[in-house]
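Below are the chains, spelled out letter by letter.
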Amino acid sequence: MTVKTRFAPSPTGFLHVGGARTALYSWLYAKHLNGEFVLRIEDTDLERSTQEAIDAIIEGMTWLGLDWDEGPYYQTKRFDRYNALIDVLIEQNKAYKCYCPKEVLDEVREEQMAAGVKPRYDANHPKIKAANDAATADSPFAIRFRNPTEGSVVFDDQIRGRIEIANKELDDLIIRRSDGSPTYNFCVVVDDWDMGITHVVRGEDHINNTPRQINIYEALGAPVPTFAHCAMILGDDGAKLSKRHGAVSVMQYRDEGYLPHALLNYLVRLGWSHGDQEIFSMEEMISLFELTAISKSASAFNTDKLRWLNHHYIKTTPADEVAKHLAWHLEQQQIDVANGPAITDVIAILAERAETLVELAAQSRYFYHDFSEFEAGAAKKHLRPVAKEPLMLVKEKLAALDSWESEAIHHAIAQTAEDLGQGMGKVGMPLRVAVTGVGQSPSIDAVISLLGRDKTLARIDMALAFIAEREQA
Ligand code: GLU
């Protein structure tokens, strides 16, 4: 049997980290067993579903690299199929028309709550019975599934273990509304059956639906898939993760400068483990992933750990791969790389210093764009009259170099310090501020080597002019 899993989001908002983690687990499990992964858009709630949300989900999945073998399927395109099966169930007396108006149902629910009993649909309740008996041929009606009244539903959840619910706890749920639209609990069963889904991985918020859905599978004569319900993701304060905790949309993590693989590695560990391993390549995630190793308890989101992973991947991912993702951020920050060093060379010297691609892009600016001002603090400290002589001498030595390699540049700086009888810092720091405009950068010889001779010499001149101006002021 080929394993087939699916991710079935309702398009009512962006792809959030909880959904992305469910999608990842589902995707990994399919890959782990050489199976297939389906994307299905559950858009039956016509009022809350939007095209914008569909686009956002697809964009998020694509950015994360969670590709699908089939789909996206859309439930709104399958209404005929759902309705045909509902008709079969009616014919078999496994579903029936319910004429009871909402007001009566509400009234009964309130009565039940006041009496301290669990609110449920009870076809034999006198008020409901009376409403049904009073219906005429043209009264509106919904279709309810006739849930078994005896016995219980048992399933072995891959994460939570055996779950058993007595049928008397479940009521006859509506499978087609009075406006003719089929409901979630029915559509999901038909889809998972038609699409050959063998393993349903989804959020714990659906666990109460599962016994009801199993009864529908059985009524339809469909095989029941295996279920795995993932626990919630909480914010670091223990509350359910929400916008209040900062970024929750997957695309916002892109905007904030995370590599998709860093987010995937973070998400896979958020509720799943393999010993105490923290770093997983894609191949390792696929080969080691097991549904049964997913944790039963909720996990707390920890941005510091995500940053740590992101820093790790910025440093260890091949520079040409980082460059593909960095390109978008450079564009956002309006940094034009046409007139500067190869972006992969810049990544090689900056990666160590950047936890996000936003920082990396910002730190690379001086390679590509001239600046007209020096960072105030750095200039105040290092572009002082005493820096004039070291800057002039180092400029002279740099201008005379035959080779523009780091080593030769380093030698020119060291020689300047020696000639002046000063420490390296007395030359290096003013030089750093002169050529980068800021007080912090990677090794100055590597920076200068990438920046090129013309820009370096011109910026030293600019720093000298700045010092002269300050002297006069
Ligand atoms: N459409 C449901 C949701 O977005 C998921 C249903 C399922 O996975 O079975 O919560």
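Here, residues in each chain are numbered from 1, in the same order as that chain's written sequence. For a predicted model such as this one, the threshold for reporting local features is a pLDDT of at least 70, and the threshold for listing and counting side-chain atom pairs is 80 or more; totals across whole chains, interfaces and linings nevertheless cover every residue. Side-chain measures were taken over the full set of non-hydrogen atoms in the model, leaving aside hydrogen atoms and water.

- The name an unreviewed UniProt entry gives the protein is Glutamate--tRNA ligase, with Vibrio stylophorae as the organism.
- Under Sequence similarities (unreviewed entry), UniProt gives the following word-for-word description of the protein: "Belongs to the class-I aminoacyl-tRNA synthetase family. Glutamate--tRNA ligase type 1 subfamily." UniProt positions are given in the numbering used here, feature names are shortened, and annotations may be inferred rather than shown by experiment.

1. A look at the layout of surface pockets
Piece 1. Taken as a whole, the largest pocket spans an internal volume of roughly 1,100 Å³.
Piece 2. Every element with two or more residues in the lining of the largest pocket is listed here: β1 (4-7), α1 (17-32), α6 (184-194) and β9 (199-203).
Piece 3. A run of H or I in DSSP becomes a helix once it reaches four residues, and a run of E becomes a strand once it reaches two; helices and strands are each numbered from the N terminus. It is α1 that contributes the most residues to the lining of the largest pocket, five residues altogether.
Piece 4. Here the nonpolar group is Ala, Val, Leu, Ile, Met, Phe, Trp, Tyr, Cys and Pro; Asp, Glu, Lys and Arg are the charged ones; every other residue, Gly included, is treated as polar. Taken together, the residues that form the lining of the largest pocket break down as 16 nonpolar, 11 polar and 10 charged.
Piece 5. The wall of the second largest pocket is formed by 20 residues, among which Arg109, Tyr121, Arg144, Asp171 and Ile174 lie closest to the centre.
Piece 6. A total of six residues in the lining of the second largest pocket trace back to one element, the largest contributor, which is helix α4 (residues 102-114).
Piece 7. The residue inventory of the lining of the second largest pocket, partitioned by class, reads seven nonpolar, four polar and nine charged. Method remark: on a 1 Å grid restricted to protein atoms, a set of points is classed as a cavity if a 1.4 Å probe fits but cannot get out and as a pocket if it is open with protein on both sides within 12 Å along at least five of seven lines; lining residues have an atom within 4 Å of a point. Grid points are joined across faces, edges and corners, and a volume is the space filled by probe spheres set on the points.

2. Things to note about the site of the ligand
Piece 1. Near the ligand you find Arg6, Ala8, Pro9, Ser10, Glu42, Tyr184, Val188, Arg202 and His206, and these make up its full shell.
Piece 2. In protein, a polar contact means a hydrogen-donor-capable atom and an acceptor-capable atom, both N or O and within 3.5 Å, with residues adjacent in sequence counting only if both atoms are side-chain atoms; elsewhere, any N or O pair within 3.5 Å suffices. Within the side chain of Ser10, an N or O atom sits 2.9 Å from a nitrogen atom of the ligand.
Piece 3. Think of it this way: if more than half of a molecule's atoms are within 2 Å of a pocket's grid points, that molecule is in the pocket or cavity. Most atoms of the ligand, that is more than half of them, are within 2 Å of grid points of the largest pocket.
Piece 4. Taken together, the residues of the shell around the ligand sort by class into four nonpolar, two polar and three charged. Near residues are defined by distance, with any heavy atom within 4 Å of the molecule or strand qualifying the residue.

3. Thoughts on α1
Piece 1. The span expected for a helix works out to 1.5 Å for each residue beyond the first. Between its first and last C-alpha atoms α1 spans 22 Å; for 16 residues at 1.5 Å apiece the expected length is 22 Å, and the two agree.
Piece 2. To sort residues, take the accessible area from a 1.4 Å probe on protein chains only and compare it with the maximum for the residue type: under 20% means buried, over 50% means exposed, and anything in between is partly exposed. Among the 16 residues of α1, 13 are classified as buried, and the element is accordingly described as predominantly covered.

4. Some thoughts on helix α3 (residues 79-91)
Piece 1. For α3, built from 13 residues, the straight-helix expectation of 18 Å at 1.5 Å per residue is met to within 8% by its first-to-last C-alpha distance of 18 Å.
Piece 2. On its buried face, α3 sits against β4 (95-98), β5 (142-145), β8 (174-176), α6 and α7 (209-220).
Piece 3. Asn93 occupies a position one or two residues after α3 and carries a positive phi of about 65 degrees. Whether two residues are in contact is decided by their heavy atoms, any of which lying within 4.5 Å being enough.

5. Side note on a positive patch on the surface
Piece 1. Think of a patch as exposed residues, more than 30% relative accessible area, with no salt bridge, where like charges cluster within 9 Å and nonpolar side chains (Val, Leu, Ile, Met, Phe, Trp, Tyr) cluster within 5 Å. We get accessible surface area from the Shrake-Rupley algorithm with a probe of 1.4 Å; when it comes to residues, only the shown protein chains can shield them. For salt bridges, the criterion is a side-chain nitrogen of Lys or Arg within 4 Å of an Asp or Glu carboxyl oxygen. Neither His nor the chain ends is counted toward charge; the positive residues are Lys and Arg and the negative residues Asp and Glu. Taken as the charge location is NZ of Lys, CZ of Arg, CG of Asp or CD of Glu. On the surface, Lys380, Arg384, Lys426 and Arg470 cluster together to form a positively charged patch.
Piece 2. Checked against the element boundaries, Arg470 lands in helix α20 (residues 453-472).

6. Comments concerning the packing of aromatic side chains
Remark: the centre distance and the inter-plane angle together describe each pair of aromatic rings, the angle taken between the planes.
Piece 1. Pairing of aromatic rings covers Phe, Tyr and Trp, the last through its six-membered ring, and needs centres within 6.5 Å; plane angles under 30 degrees mean stacked, over 60 mean edge-to-face, and all others mean tilted. Counted according to the given criterion, the structure contains 12 aromatic pairs.
Piece 2. Ring geometry for Phe374 versus Phe466: centroids 5.3 Å apart, planes at 65 degrees, classification edge-to-face. With Phe374 in the loop between α14 (357-368) and α15 (376-382) and Phe466 in helix α20, this pair connects stretches of sequence that are 92 residues apart.
Piece 3. Judged by relative accessible area, which is 24%, Phe466 ranks as partly exposed.
Piece 4. By way of ring pairs, the aromatic residues Tyr25, Trp272, Phe280 and Phe289 are connected into one cluster.
Piece 5. Throughout this description, the term charge over a ring refers to an Arg CZ or Lys NZ atom that lies within 6 Å of the ring centre and within 35 degrees of the ring normal. Over the ring of Phe141 we find Lys97; its NZ or CZ atom is 4.8 Å from the centre of that ring.
Piece 6. Positioned above the aromatic ring of Tyr121, the side-chain terminus of Arg144 is 3.4 Å from the ring centre.

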